[in-house]
Amino acid sequence: MMGNPIGPAQERPPIQAAARLPAWAGLVVLAVLLAALLILGLACGSVHVPIHAAASILFGRPVGDPVWRDILWQLRMPRCLTAALAGSGLAVSGLLMQTLFRNPLAGPYSLGISAGATLGVALAVLAGAGAGALPGLPALSHLGPQLGTAGSAVAGAAAVMLLVLAVSRRIRSNSTLLILGLMFGQIAGGLVAVLQAFSDSERLRAFTFWGFGSYAGVTWAQLPALGIATGLGILMAAFCAKPLNALLLGWTYARSLGVNAGRLRAMLLASTSLLAGAVTAFCGPVAFLGLAVPHLCRGMFRTADHRVLLPACVLLGAALSLASDLACRLPGGGRTLPLNAVTALVGAPVVIAILVRRRAARDE
Amino acid sequence: MTNRAVPLRTEALAVGYPGRAVLSGLDVELRAGELVCLLGPNGAGKSTLLRTLAGLQPPLAGRIWLEDRDAATLPAAARARRLAIVLTERMELGHLTVEDLAALGRYPHTGWSGRLGDEDREAIRRGLEEAGAWELRLRPCDELSDGEKQRAMLARALAQDPVALLLDEPTAFLDLPRRVGAMRALRRLARMRGRAVLVSTHDLDLALRAADRLWLVSAEGALRSGLPEELAISGAIGGTFDQGDVAFDRATGEFRIHGEAARSARLQGDPDIVFWTARALEREGIAAVSGAGAAGTAAGDGSAGAGTADIEVRAERGSAGPSWMWRAGGAEGRGSLEEMLRALRA
């Protein structure tokens, strides 16, 4: 009786925990996977480039053929880097939202944060926040207006995030929160449609293409802005890793453990808005990556520890995003699939699996 | 001020919500090594008091001292190193193992990255052992039963290594034997490391037996602190809980349902069987009066004077199990308890 003060300890025979992948080994596997996908992403396309040339340019060695070099350096490299940054950013923001709202189906897309960012972009591009000087989003080469659009997207994401945060304090039901997120997204979408009706055809076309979601439009000139925004967002998330673990127990326990709730909420708001907003501004609204990747990481590492999940989401988010972009180019011959079609085909089954497993667990 | 023997003390504390004080003027203390049970009717403010003591909501007035420090001036992490709380709310913890959960208790002790040192690991191991959760440590939390989950949450609080431990209704989801076991365990936890343990509970009977001290909250917003027996003798427990037909019986330490006892019965025979027979008769509105061998069952309110009874019952433990003989009015009978009750009902 001494060993088990509260009731008999042997209510069920102790079972061995499922074997856990050591965190470092898993992260190495993911890093290798990411590097392989990067090389593959550089090598594949309408013009065939051998793997070794793609690998050379990735590791900074000279590439013989100048045509290959131009294709790799001017076209495929920015696209691949964009895909990696966007995937990391979305996955990390999804992880933060799932813990923040204690909702397994939370993510930048499902809670309407991406829609908020879209509204921000629409305001900048269609309503012409930069007056008549904007010739359309992808054509922008100088950084100024680009940052304006990105800033507008981050502000839109933050606005929806604030709304969701505010209602989440009153709402206990997970599904209600998701429906509300969906409604916020619908409102943002409605406002975008209104803006579209009043904008000229050239801007409308630019905005419509952007809306399909693509990693192809980002140039070297725009990459630093995307890189800094995602880097900053992920850095902020890293500083939140320890309190995020405490938050797994809910706000009450987190506060009783000494978590500064106000500061954590502000940090998470800033980080998620920055990540979801910036990625959406540069790549369009991309669905499912932010929602699915954290779950894949939890399943792979069998842990809820954010000090493992954060780097895992960065790596797997980038890898899955690159794989999706590769799949877009799969048809060949200059034909491409829409990015969101691919991410939906990969991500939706993950969501379905989560729902089915949770239902099964509850019915037991 | 420095008083290691009093981990937690309140000074003119008022708790509640802005504009609505639930409890006020509280001057109480939790002593090291003591198990204190916080009792009171629903809505009397037990949870509000616990939340305020834990720093989860601000006091309306007064102070809380944690050891020798005013809790209001204590940084959140420093408070968390002195005081831990276990709440009732059920939660989904997913992939977290019990050991991971206990490790979260080290939050206020670790640096910004949350890296665990040797001291932390030792505290986690001790917490798991003391809470009886050592065998569970590798199990994921979402596979645990309610009782197991409770032990896991307790292990987390103990890993926090607090001098004061607050628990909100820790026995709510447990069956009776486990409730008794849990309360005894909490008492041992208080004794073992000189912690002060405060437990809110609805389980008056259990609290009366296990607590070193009771904090009794009345619906009017007063708090009385004292030994369980003192409070029982003084009538404070009855004053707090009596409601309608239900009243606290000082003689037995139990609650009784006051039907008017229309008849009385004199019981004789085997003491154990007599005790339970008296219970059964009470349910039928028949008050038991003491007879030979029926010590401790004089539980009626004395309306039926000793010696005069409408019914005579003799209960015996025979070779074929217990049997009852009864005489009521002119009728006599012999048989099982159920047969007797049916006969007396007629």
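Quantities reported herein were computed from a predicted structural model and do not represent experimental measurements. (Residues numbered from 1 in each chain as written. Chains lettered and ligands numbered in written order. Predicted model: local features only at pLDDT ≥ 70, side-chain atom pairs only at ≥ 80, totals over all residues.)

**Student:** Summarise the overall build of chain B; cite the residues concerned and give the values.
**Tutor:** In terms of helices and strands, chain B carries eleven helices and 18 strands. Along the first, second and third principal axes, the C-alpha atoms of chain B reach 85 × 45 × 30 Å. Across the 346 residues that make up chain B, the buried fraction comes to 45%. (Helix = DSSP H or I, 4+ residues; strand = E, 2+ residues; numbered from the N terminus. Buried ≥ 20, exposed ≤ 12 C-beta atoms within 10 Å, placed from the backbone.)

**Student:** Any details on the overall build of chain A? Residues and values, ideally.
**Tutor:** What chain A contains, in helices and strands, is 14 helices and zero strands. Here chain A holds 364 residues, and 48% of them are scored as buried. At a minimum sequence separation of 6, the contacts of chain A that also span at least 24 residues come to 78%. (Contact = placed C-beta atoms within 7 Å.)

**Student:** Before we move on, could you go through the environment of B:Leu60 and cite the residues and values that matter?
**Tutor:** All names here are of chain B. Among the structural elements, Leu-60 can be located in the loop between α1 (46-53) and β5 (61-66). The class of Leu-60 is partly exposed, set by 18 C-beta atoms lying within 10 Å. Along the backbone, Leu-60 and Leu-174 are 114 residues apart, and their C-alpha atoms lie at a distance of 34 Å.

**Student:** For the interface of chain A and chain B, give the residues involved together with the corresponding values.
**Tutor:** With 30 residues of chain A in contact, the opposing surface of chain B contributes 42 residues. Of all elements in the fold, only α9 (241-247) and α10 (251-256) of chain A reach the threshold of two or more residues within the side of chain A that touches chain B. Among the residues making up the side of chain A that touches chain B, the classes are represented as twelve nonpolar, eleven polar and seven charged. (Nonpolar A, V, L, I, M, F, W, Y, C, P; charged D, E, K, R; others polar.)

**Student:** For the sheet that holds strand β16 (residues 311-318) of chain B, give the residues involved together with the corresponding values.
**Tutor:** Residue and element names in this part refer to chain B. The sheet built from five strands is open, its strands ordered β15-β14-β16-β17-β18 with mixed pairing. Looking along the sheet, the strands with just one partner apiece sit at the ends: β15 (286-289) and β18 (331-335). Strand after strand, the sheet turns through a mean of 25 degrees between neighbouring axes, direction not considered. As paired strands, strand β14 (residues 263-269) and β15 are joined by four bridges and run parallel to one another. For Ser-264, the partnering residue across the bridge sits in β15 and is Ala-287. Sitting on the sheet, helix α10 (residues 271-283) touches β14, β15, β16 and β17 (321-328), and the angle it makes with β14 is about 165 degrees. Strands in contact with helix α11 (residues 337-345) are β15, β16, β17 and β18; relative to β17, the strand with the most contacts, it is inclined by about 15 degrees. (Pairing = 2+ DSSP bridges. Axes fitted to C-alpha atoms, helices over the stretch in contact; angles between N-to-C directions.)

**Student:** Describe in detail the sheet that holds strand β7 (residues 83-86) of chain B, supporting the description with residues and values.
**Tutor:** All names here are of chain B. Reading across the sheet, the six strands line up as β7-β8-β9-β4-β10-β11 and stay open at both edges, with mixed pairing between neighbours. Among the strands making up the open sheet, the edge pair consists of β7 and β11 (223-226). Within this sheet the neighbouring strands show an average axis-to-axis angle of 15 degrees, counted without direction. Sheet topology note: the strand β8 (residues 164-168)/strand β9 (residues 196-200) ladder contains five bridges and is parallel. Within the sheet, the bridge partner assigned to Leu-165 lies in β9 and is Val-197. Strands in contact with helix α5 (residues 146-159) are β7 and β8; relative to β7, the strand with the most contacts, it is inclined by about 170 degrees.

**Student:** Tell me about the confidence of the model for chain B, and name the residues and values.
**Tutor:** Detailed reading of the predicted model is not advised wherever pLDDT is low. Residue and element names in this part refer to chain B. Across chain B, pLDDT averages 85, with 92% of residues at or above 70. Across residues 292-306 the pLDDT falls below 50, and counting only partners more than four positions away or on other chains, this stretch makes 35 contacts in the model. Predicted complex, confidence summary: ipTM 0.78, pTM 0.82. (pLDDT = per-residue confidence, 0-100.)

**Student:** How would you explain the domain arrangement of chain B if you had to name every residue and give the values?
**Tutor:** Split into domains, chain B comes out as domain 1 (8-244) and domain 2 (259-345). Using only C-alpha atoms to locate each centre, domain 1 of chain B and domain 2 of chain B end up separated by 44 Å. (Domains from an automatic or database assignment.)

**Student:** So what's going on with the pairing of β5(B)? Residues and values would help.
**Tutor:** All names here are of chain B. Here strand β1 (residues 8-17) runs beside β5; their pairing, made up of five bridges, is antiparallel. Its bridge partner lying in β5, Leu-8 is registered against Leu-66. Bridge analysis of β5 against strand β6 (residues 69-70) gives two bridges, and the strand direction is antiparallel. Pairing of Leu-66 across the sheet is with Arg-69, part of β6. The hairpin turn running from β5 into β6, its antiparallel successor, is two residues long, and Glu-67 in that turn takes a positive phi close to 50 degrees.

**Student:** Lay out the packing of helix α3 (residues 66-100) of chain A against helix α12 (residues 289-301) of chain A in plain terms, naming residues and giving numbers.
**Tutor:** Between two packed helices, both the angle of their axes relative to each other and the distance between the axes serve to describe the pair. All names here are of chain A. Where α3 meets α12, the closest approach of the two axes is 7 Å, and the angle between their N-to-C directions is 75 degrees. Relative to α12, α3 is oriented roughly perpendicular. Counting all contacts with α3, which are made through Gly-87, Leu-90, Ala-91, Ser-93, Gly-94, Leu-95 and Gln-98, the residues of α12 involved are Leu-289, Gly-290, Leu-291, Val-293 and Pro-294. A breakdown of the residues in the contact of α3 with α12 according to their chemical character gives seven nonpolar, five polar and no charged. (Parallel < 35°, antiparallel > 145°, perpendicular 65-115°, else oblique.)

**Student:** Residues and numbers for the nonpolar core, please.
**Tutor:** Residues A:Val92, A:Ala278, A:Cys313, A:Leu316, B:Ala155, B:Leu166 and B:Val197 are the most contacted members of the largest nonpolar core, which totals 185 residues. When residues no more than four places from it in sequence are discounted, the contact partners of A:Cys313 are A:Ala91, A:Val92, A:Leu95, A:Val293, A:Pro294 and A:Cys297. (Core = buried A, V, L, I, M, F, W, Y, C linked by C-beta atoms within 7 Å.)

**Student:** Which residues make up unusual backbone geometry, and what values do they have?
**Tutor:** Residues other than glycine seldom take positive phi values, yet A:Phe288 does so here, at roughly 75 degrees. Examined against the element boundaries, A:Phe288 turns out to sit in the loop between α11 (261-283) and α12. When the 25 C-beta atoms within 10 Å are taken as the criterion, A:Phe288 is described as buried. Of note, B:Asp161 is a non-glycine position whose phi angle comes to about 60 degrees, a positive value. Structurally, B:Asp161 is set in the loop between α5 and β8. Exposure remark for B:Asp161: the 22 C-beta atoms within 10 Å place this residue in the buried category.

**Student:** If you had to explain the confidence of the model for chain A to someone new, which residues and values would you point to?
**Tutor:** Residue and element names in this part refer to chain A. Per-residue pLDDT for chain A has a mean of 83; in total, 87% of the residues score no lower than 70. Counting interchain partners and residues more than four positions distant, the pLDDT-below-50 stretch residues 1-17 has 36 contacts. This model gives residues 129-143 a pLDDT under 50, and the stretch forms 28 contacts once residues within four places in sequence are excluded.

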